[in-house]
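Structural characterization, general
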Amino acid sequence: MDGSRQHLTESESSSTESDSHLESIRIMDFEDSQDSISTNQSTSNTTIDSHRQNPELEVDSDGTPSIGSSGIMDEETFCGVGKHKPKHKWHALKAFTQRGLGISSHKTMDTVFNANCYGSLRFVQRLELASKMDCHNGCVNALHFNSSGSRLASGSDDLSIIIWDWSRAEPVLNYDSGHRGNVFQAKFLPLCGDTHIVSCARDGHIRLAELSPSGSFHSTRRLGLHRGPAHKLALLPDTPHVFLTAGEDGVVFEVDVRQSKPNKLLTVKHSERKIALYSISSHPIDTSEFCVGGRDQFVRVYDRRYVSTDVESSPVSKSCPQHLLDSSVRAHVTSAVYNFNGSELLASYNDEDIYSFSSKSVEGADALHRYNGHRNNATVKGVNYYGPRSEFVISGSDCGNIFFWDSSTEAIVQCIPGDENGVVNCLEPHPSIPVLATSGLDDDVKIWTPKCFDEPQLWELKKVFKNLLRFHLSYIF
């Protein structure tokens, strides 16, 4: 504040207090009106019933199944395919007051305030398209924020990698990745200056791009090679010069950018059959642990300290929904990730739903949660948590929408159109503020921020679900 205005006159102070009081009343009225439309949060079972069915389906006049017995549906019952909408847990006025007063904590008040904002239902329900960044000439398959969140990297079918100043929706650098097949993943190594970007692609190559401190492009070099497409790589925060990769050859590499060749950790097999891998994720705290998913129904967890290339390495744990163990549906894992503290795993299955598991589950344990309503068939879709404490689950869908589920109640709390060409594949949450980057079959990258005032009513979900159900039934029969 300017020094000449540090002291208000008595009249100015009175006016300011009055305005502040009126603003507080408006905020409380707004919050009360929002809370009045919420129902009590339902309690989720610790495991799901593998034989649980959706509400009885009836047929509409157009011949497609519907949920409910009347044309006017109970939104809160319908929300999340029969789940009750969760109550708001974050209140603006209370949070502003606490930030002003301060709290006794080892964390700063601003850090706590930002985290609670980010993970609040209010901010998720107000996400709206802020900008489209259009510079690629092909589908955008990879997105990654740097550790500070100031830059975003994207990789595409056009073989280029672009570094964006996403806040201005402007490209900072556009360079040739050196790959000769679709770029599937590109990430900033957590090294000083964000000048090292690693990538993997359909050609199986693992490459490193080295940028100058000023941000100009120097060159790329090959670090390793999979004998088949390499879809994903995982960073290790405590060893920033090392990362893991997984490919359709079933191999997991440990790559050190200081070494001339990668270290082959293991080949994932089932009864001597190699499992093509589509996903790999490292534990956020214990980075010796990682999980992989691919062309079968299991999410496997391994410990880097106890794997070998000489013999078939046994996973620390294997997770799968019980009803898929012997199912005629040949579902496989397209993406698997850890939550914020590594206690849970989240996996998306093709032609099936999204499931969460305990990362320490014993063999035979069922899933903790099931998230449904979307469609995962057309592409290898990603799935992710959203919020600093993994408060929400997010996924794209074949219908082009982005779905948000409350991670504890499994209710759909937001559904927004995310891709004009029909499929959203990548969802990258910002590391510290409520911003989301997405991409898919469109050539652009979309940035979403909480700038919409109105809470979504989600009535359009009825139409979305009917279209998805019609497609599902035609696919089965």
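The structure under discussion appears in the preceding block.
Residues numbered from 1 in each chain as written. Predicted model: local features only at pLDDT ≥ 70, side-chain atom pairs only at ≥ 80, totals over all residues. Heavy atoms only, no water.

Further remarks concern the overall build of the chain. Looking only at helices and strands, the chain has 6 helices and 32 strands in total. Out of the 477 residues in the chain, the part that is buried amounts to 54%. Across the chain, contacts joining residues at least 24 apart in sequence account for 54% of those joining residues at least 6 apart. Taken as a whole, the chain presents about 22,200 Å² of accessible surface, with 49% of it coming from carbon and sulfur. (Helix = DSSP H or I, 4+ residues; strand = E, 2+ residues; numbered from the N terminus. Buried < 20%, exposed > 50% of the residue type's maximum accessible area, 1.4 Å probe, protein only. Contact = heavy atoms within 4.5 Å. Areas by Shrake-Rupley, 256 points an atom, 1.4 Å probe, with all protein chains shown as cover.)

On to empty space enclosed by the protein. Counted under the stated rule, the structure contains 1 cavity of 30 Å³ or more. By volume, the largest cavity is sized at about 30 Å³. Lining the largest cavity we find Ile-161, Tyr-175, Ser-177, Ile-197, Ser-199, Arg-207, Leu-208, Ala-209 and Thr-220. Those elements that provide at least two residues to the lining of the largest cavity are strand E9 (196-201) and strand E10 (205-211). Counting residues per element, the lining of the largest cavity draws most heavily on E10, which supplies 3 residues. Taken together, the residues of the lining of the largest cavity sort by class into 5 nonpolar, 3 polar and 1 charged. (1 Å grid on protein atoms, 1.4 Å probe; cavity = no way out; pocket = protein on both sides within 12 Å on 5 of 7 lines; lining within 4 Å. Points joined across faces, edges and corners; volume = space filled by probe spheres on them. Nonpolar A, V, L, I, M, F, W, Y, C, P; charged D, E, K, R; others polar.)

We now examine the environment of Leu-208. Structurally, the position occupied by Leu-208 is in strand E10. Relative accessible area serves as the criterion here: at 1%, Leu-208 is assigned to the buried category. On a C-alpha basis, the gap between Leu-208 and Val-257 in space is 7.8 Å, while along the polypeptide they are 49 residues apart.

The subject of this paragraph is the pairing of strand E5 (residues 152-156). The buried fraction of E5 is high, at 5 of 5 residues. Every second residue of E5 is oriented toward a common face, with Leu-152, Ser-154 and Ser-156 on one face and Ala-153 and Gly-155 on the other, all of them buried. Direction of pairing for strand E4 (residues 140-145) relative to E5: antiparallel, over a ladder of 5 bridges. Residue Val-140 lies in a different strand from E5, and its bridge partner there is Ser-156. If you look at the hairpin formed by E4 and E5, you'll find 6 residues sitting between the two strands, and Gly-149 has a positive phi there, around 85 degrees. Sheet topology note: the E5/strand E6 (residues 160-165) ladder contains 4 bridges and is antiparallel. From the neighbouring strand, Leu-152 faces E6, where its bridge partner is Trp-164. Adjacent in sequence and paired antiparallel, E5 and E6 are bridged by 3 residues, among which Leu-159 carries a positive phi angle near 75 degrees. (Pairing = 2+ DSSP bridges.)

This part covers the sheet that holds strand E31 (residues 436-440). Here we have 4 strands laid out as an open sheet, ordered E3-E32-E31-E30, and antiparallel in their pairing. Both outer strands of the open sheet, strand E3 (127-134) and strand E30 (424-429), are each paired with one neighbouring strand and no more. Averaged over all pairs of adjacent strands, the angle between their axes in this sheet comes to 25 degrees, without regard to strand direction. With 5 bridges connecting them, E30 and E31 associate as antiparallel partners. Bridging across to E31, Leu-427 finds its partner in Thr-438. (Axes fitted to C-alpha atoms, helices over the stretch in contact; angles between N-to-C directions.)

Glancing now at the state of the cysteines. Among covalent bonds in proteins, the disulfide is the one between the sulfur atoms of two cysteines. Summed over all chains, the structure comprises 0 disulfides. Cysteine Cys-399 is unpaired, with the sulfur of Cys-415 as its nearest cysteine sulfur at 6.0 Å. Exposure remark for Cys-399: the relative accessible area of 31% places this residue in the partly exposed category. (Disulfide = S-S within 2.5 Å.)

What follows deals with the pattern of salt bridges. Close approach of charged atoms lets side chains of opposite charge pair. This model, assessed by the stated rule, comprises 17 salt bridges. Taking the shortest distance from any N to any O, the salt bridge between Asp-303 and Arg-305 comes out at 2.7 Å. For Asp-303, a relative accessible area of 11% puts it in the buried group. Note on Arg-305: relative accessible area 54%, which makes it exposed. The closest approach of N and O atoms between Glu-352 and Arg-370, which form a salt bridge, is 3.9 Å. (Salt bridge = Lys/Arg side-chain N within 4 Å of Asp/Glu carboxyl O.)

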